[in-house]
Amino acid sequence: MRYRQLTTGTLALGVVLLIDVLRVWLPGIITIFGQAASTPAELMGAFALGWFVLALGAPAVVRRVGARPVVVVAAVALALARLALTAAPGGRTQLWLATAGLLAGLVWLVGVAADTDRPVPGLALGFAVNAALHAVWDTVDVVWWGTWVAWLFSSVAVLLFLLGTAQPVARAGAGADDGGGRAGAGGARAWLLAGPALLLAGMVALSPALARTGMSYLFAGDGVAGSPLFGLAPVPVAVAAFLVSASTRPRRGWGRAYGPVALLVGALLFAGDRGDLLVPAVLLAAVGLGACLALTDDADRPDETAQTGPTGRETARDATDATAARRGYAVAVGMLVFALGAVGYYSAYDLGYPNAAVPVVVAGLVAVVAFTAQPVVQWLPGPFPPLRAAAAVTALALLAPVVADEVPVAGNRDGPPERLTVVAYNVRMGFGLDGRFDLTGLTEVVERQRPDVVLLSEVDRAWLLNGGHDTLDVVADRLGMPYVFGPAADSVWGDAVLSRWPMDDARSIPLPAVGAPTGAQALGVTLDLSDGVRVAVVSTHLQPPPGQGPVVQARAVADFAIRYAAGRPLVVAGDMNTEPGDEAFGQFTAAGLVDALAAARPLATSPADDPREQIDHIFVSPGLTPGDPVAPRSTASDHLPVAVTVALPPR
């Protein structure tokens with residue numbers, strides 16, 4: 001049992017480190033290698049897929065030099081890359097460190113697969129522990145912290161992983177063996193599902209950011225999301241359900257279908273792109289994914305090649321090598337499915353094709369592979385007692401709602417203010433110009449303006465492509481301001497308003513796409529400044545069609561804003577993707593709104609390191625008097641924020 005626990009624990013640790021590397025590498029594709037919406041999506045996709053295709057050669061290397069040398073070398077490379085990324089160096093250095101770590105992780109998986117016929121316990125434990133830690137870290141992994149805590153945690157994790165790898169027990173497998181330390185003949189199906197399961201876990205089943213976003217929709221309604229109470233509460237439930245279903249004996253007969261069905265239903269709910277369905281999507285997908293992995297946990301399959309005698313031993317050795325190669329190719333192909341699914345899903349936001357089918361197709365693949373697996377006749381318990389293991393990881397996840405969930409509370413001050421300071425900022429999902437996830441720099445430049453209301457564009461709340469962060473909730477916590485979120489591209493990517501004053505009557509409308517691949521919206525909220533004083537605020541991010549200006553969308557936002565304000569003072573702001581003097585810019589002035597930044601023109605805001613374009617704007621109704629317009633310098637995003645102080649009409 002000790003050997004089985006060590007091998008399973010080492011596999012789980014390696015999976016945790018590999019996922020950490022992926023959360024740095026994936027956003028690097030669109031922030032360092034290329035730039036989303038400007039670099040061709042086909043080029044970025046080819047870069048991403050190329051490394052997974054390259055890993056298909058790893059099984060041949062394993063067969064030629066042996067699994068043990070490959071595992072040790074790849075494990076050391078993965079560990080060093082993961083540790084180096086803790087410095088968050090940014091730029092090309094960060095991208096190539098993450099790329100080296102990714103390739104090392106893929107090769108390491110292939111090597112481990114050659115000697116491991118029962119990977120399900122280790123894979124499931126790795127997925128669950130990573131999700132629990134991600135929730136405890138408030139969805140901002142320690143890779144990005146840059147503190148002694150990050151270095152301590154990273155060093156301990158890397159050291160334990162290397163110590164586990166150094167122990168000469170790899171050939172014992174993660175499950176049953178033949179008594180001589182040789183892995184059995186099974187495991188290929190489970191290894192094939194490693195990649196698709198990783199994709200579904202990161203996108204849906206074990207995504208703390210998605211769970212909290214789903215909770216935030218339940219606290220607002222009408223298609224918008226607000227600051228939730230105990231937003232991470234579904235995470236321990238999902239982790240427990242996943243681990244228990246992955247580590248207990250599968251049902252027999254048609255009872256085997258409950259996992260595949262639950263996974264497909266969860267994927268369909270996620271693909272439905274409705275915020276109020278995200279929590280059930282997470283929970284169903286977690287149960288279903290765990291149960292599907294359990295159906296492939298064929299640890300009782302004997303090694304049919306075991307023979308005696310010189311000729312028999314040679315035949316057995318050749319067959320065993322073939323089985324090891326089959327497992328190696330299975331995990332390499334499975335990880336390629338991960339890459340294809342991720343590229344296929346997220347490229348749609350640049351290329352404009354429907355992508356809702358991607359998670360459903362991947363879930364269908366997992367369901368078919370699992371349901372058609374050979375039923376387990378004599379089920380063997382895993383290396384860890386399932387209920388104890390699930391309880392331990394769930395206890396870790398239970399810390400998240402306690403230590404990571406904060407709920408900023410807005411409150412009226414003594415009487416209505418005479419002025420409001422407004423900040424509008426395209427935050428590029430929280431990534432700075434150097435490709436680092438830099439919420440500290442982002443919040444610092446906003447806080448220096450001492451804002452009363454903040455309007456954010458390009459807010460990401462759960463995209464695996466961007467690391468699975470809930471950027472909005474973390475920023476709101478750091479600023480101490482509640483938020484309202486309006487979905488644009490999908491239910492977890494859009495625009496937001498944060499305010500020190502209470503907000504109500506939130507409404508979001510989709511804007512006409514007119515050929516643009518990424519969705520756009522307009523979000524209206526009303527600030528209650530006490531004593532009957534109320535101000536309407538509209539946040540938007542115009543997405544023009546290729547080669548055109550966002551004229552149609554600008555007109556739609558202006559019309560919506562005027563109707564929504566209904567005569568109250570009005571502020572409209574965001575990344576407009578139009579310059580003063582353009583036809584789209586004129587739609588706002590034609591509606592009677594005033595350019596609040598006019599006194600500081602020209603006021604370029606993009607790109608942040610060498611601003612040349614005036615595309616971020618604040619408009620106000622004639623009753624508001626703007627003053628002190630600025631675009632403070634920062635490289636925490638590819639845009640500069642714009643800020644203005646508006647004097648309210650005398651009462």
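Residues numbered from 1 in each chain as written. Predicted model: local features only at pLDDT ≥ 70, side-chain atom pairs only at ≥ 80, totals over all residues. Heavy atoms only, no water.

> Could you clarify how one ought to interpret the overall build of the protein in this entry?
When you go through the protein residue by residue, the secondary structure sums to 21 helices and 13 strands. The globule rule puts the C-alpha radius of gyration for 651 residues at 26 Å, and the 26 Å found for the protein is close to it. Counting only C-alpha atoms, the protein reaches 100 × 45 × 45 Å along its principal axes. When burial is assessed residue by residue, the protein has 60% of its 651 residues classed as buried. Contacts in the protein between residues at least 24 apart in sequence constitute 78% of all its contacts with a sequence separation of at least 6. About 23,300 Å² of surface is accessible on the protein, with carbon and sulfur atoms providing 62% of the total. Within the protein, the 52 negative side-chain charges are centred at a point lying 9 Å from the centre of the 42 positive side-chain charges. (Helix = DSSP H or I, 4+ residues; strand = E, 2+ residues; numbered from the N terminus. Rg over C-alpha atoms; globule rule 2.2 N^0.38 Å. Buried < 20%, exposed > 50% of the residue type's maximum accessible area, 1.4 Å probe, protein only. Contact = heavy atoms within 4.5 Å. Areas by Shrake-Rupley, 256 points an atom, 1.4 Å probe, with all protein chains shown as cover. Lys, Arg positive; Asp, Glu negative; His and termini not counted. Charge placed at Lys NZ, Arg CZ, Asp CG, Glu CD.)

> Sorry if this is basic, but what is going on with a nonpolar patch on the surface here?
A cluster of nonpolar side chains, contributed by Trp 145, Trp 148, Val 149, Leu 152, Val 156, Leu 159, Leu 160 and Leu 163, occupies part of the molecular surface with about 780 Å² of accessible area. As for its placement among the helices and strands, Val 156 is situated in helix α7 (residues 148–166). (Patch = residues over 30% accessible without salt bridge, like charges linked within 9 Å, V, L, I, M, F, W, Y side chains within 5 Å. Salt bridge = Lys/Arg side-chain N within 4 Å of Asp/Glu carboxyl O.)

> How do you make sense of the side chain of Thr 116 when you look at a structure like this?
Note that Thr 116 resides in the loop between α5 (91–115) and α6 (120–136). For Thr 116, the side chain forms a polar contact with the main-chain oxygen of Val 112, separated by 2.8 Å. (Polar contact = N/O pair within 3.5 Å; in protein donor to acceptor, adjacent residues only side chain to side chain.)

> I would appreciate a short explanation of the sheet that holds strand β2 (residues 419–426) in the present structure.
Strand pairing in a sheet takes place through backbone hydrogen bonds and is either antiparallel or parallel in direction. Strands sit in the order β1-β4-β5-β3-β2-β13-β12 across an open sheet of seven strands; the sheet is mixed. Lying at the two open borders of the sheet, with one neighbouring strand each, are β1 (225–226) and β12 (625–630). When strand β3 (residues 453–460) meets strand β5 (residues 493–499), the two strands line up antiparallel, connected through six bridges. Directly across from Asp 460, in β5, lies its bridge partner Trp 493. (Pairing = 2+ DSSP bridges.)

> Before we go on, may I ask you to explain the environment of Leu 442 in this structure?
As for its placement among the helices and strands, Leu 442 is situated in helix α18 (residues 439–447). On the basis of relative accessible area, Leu 442 is assigned to the buried category, the value being 1%. Separated by 17 residues in sequence, Leu 442 and Tyr 425 have C-alpha atoms that sit 9.3 Å apart. Discounting residues that sit within four places of it in the chain, Leu 442 has contacts with Tyr 425, Val 427, Gly 430, Val 475 and Ala 636.

> Is there a simple way to explain helix α9 (residues 194–205) in this structure?
Given 3.6 residues per turn, any residue in an α-helix points the same way as the ones three and four places further on. Helix length check: α9 (twelve residues) gives 14 Å between terminal C-alpha atoms against 16 Å at 1.5 Å per residue, more than 12% under. The buried fraction of α9 is high, at twelve of twelve residues. Considered for burial, the residues of α9 that qualify are Ala 194, Gly 195, Pro 196, Ala 197, Leu 198, Leu 199, Leu 200, Ala 201, Gly 202, Met 203, Val 204 and Ala 205. (Expected span 1.5 Å × (residues − 1).)

> Can you walk me through the side chain of Arg 212 in this structure?
Turning to its location among the elements, Arg 212 is positioned in helix α10 (residues 208–218). A polar contact of 3.0 Å, which involves the side chain of Arg 212, links it to the side chain of Asp 470.

> Can you help me understand the packing of aromatic side chains in this one?
Describing an aromatic ring pair means giving the distance of the ring centres and the angle of the ring planes. Throughout the structure, instances matching the rule amount to 23 aromatic pairs. Measuring from ring centre to ring centre gives 6.1 Å for Phe 52 and Phe 338, while their planes differ by 40 degrees; the resulting arrangement is tilted. One end of the pair, Phe 52, is in helix α2 (residues 41–54); the other, Phe 338, is in helix α14 (residues 310–346), with 286 residues separating them in the sequence. Note on accessibility: Phe 52 and Phe 338 belong to one class, buried. (Phe/Tyr/Trp six-rings, centres within 6.5 Å; stacked < 30°, edge-to-face > 60°.)

> Even after reading the chapter, I still don't get the nonpolar core, so can you show me in this structure?
General note: in soluble globular proteins, nonpolar side chains tend to be found buried as a group. Within the largest apolar cluster, 155 residues are counted, with the highest numbers of intra-cluster contacts made by Trp 25, Trp 191, Phe 242 and Leu 498. With 14 residues, the single largest contributor to this core is helix α1 (residues 2–33). Residues in contact with Trp 25, not counting those within four places in the same chain, are Phe 47, Ala 48, Trp 51, Phe 52, Leu 95, Ala 98, Thr 99 and Leu 102. (Core = buried A, V, L, I, M, F, W, Y, C linked by side-chain atoms within 4.5 Å.)

> Sorry if this is basic, but what is going on with the pattern of salt bridges here?
A pair can form between side chains of opposite charge whenever their charged atoms are brought close. Overall, the coordinates contain 14 salt bridges when judged by the stated rule. Where Arg 23 meets Asp 141, a salt bridge forms, and the shortest distance between an N and an O atom there is 3.4 Å. Taken as a pair, Arg 23 in helix α1 and Asp 141 in the loop between α6 and α7 lie far apart in primary sequence, 118 residues in all. You can call Asp 141 buried: its relative accessible area is 4%. The salt bridge partner of Arg 212 is Asp 470, with a shortest N-O separation of 3.0 Å.

> What is the right way to read the environment of Arg 507 from this model?
With respect to the secondary-structure elements, Arg 507 resides in strand β6 (residues 503–510). Taking the C-alpha atoms as reference, Arg 507 lies 46 Å from Pro 250; in sequence the two are 257 residues apart. Contact partners of Arg 507, with chain neighbours within four places excluded, come to Val 224, Ala 522, Leu 523, Gly 524, Phe 560 and Tyr 564.

> What am I meant to see in the packing of helix α4 (residues 67–85) against α5 here?
Geometry of a packed helix pair, given as the angle between the helix axes and the separation of the axes. Where α4 contacts α5, the axes come no closer than 7 Å and their chain directions differ by 150 degrees. Here α5 runs roughly antiparallel to α4, going by the angle between their axes. Where α4 crosses over α5, the two elements pack in a sense that is left-handed. Listed contacts from α5 to Ala 67, Val 70, Val 71, Ala 74, Ala 75, Ala 77, Leu 78, Ala 81, Ala 84 and Leu 85 of α4 are Gln 94, Leu 97, Ala 98, Gly 101, Ala 104, Gly 105, Val 107, Trp 108, Gly 111, Val 112, Ala 114 and Asp 115. In terms of residue class, the contact of α4 with α5 is built from 17 nonpolar, four polar and one charged. (Axes fitted to C-alpha atoms, helices over the stretch in contact; angles between N-to-C directions. Parallel < 35°, antiparallel > 145°, perpendicular 65-115°, else oblique. Left-handed = near helix turned anticlockwise from the far one by under 90°. Nonpolar A, V, L, I, M, F, W, Y, C, P; charged D, E, K, R; others polar.)

> Help me understand the environment of Ala 496 in this model?
Looking at where Ala 496 falls in the secondary structure, it is placed in strand β5. The spacing of Ala 496 and Phe 485 is eleven residues in sequence and 4.3 Å in space, taken between C-alpha atoms. Excluding residues that lie within four positions of it along the chain, Ala 496 makes contacts with Val 454, Leu 455, Leu 456, Val 459, Leu 472, Val 484, Phe 485, Leu 523 and Ser 539.

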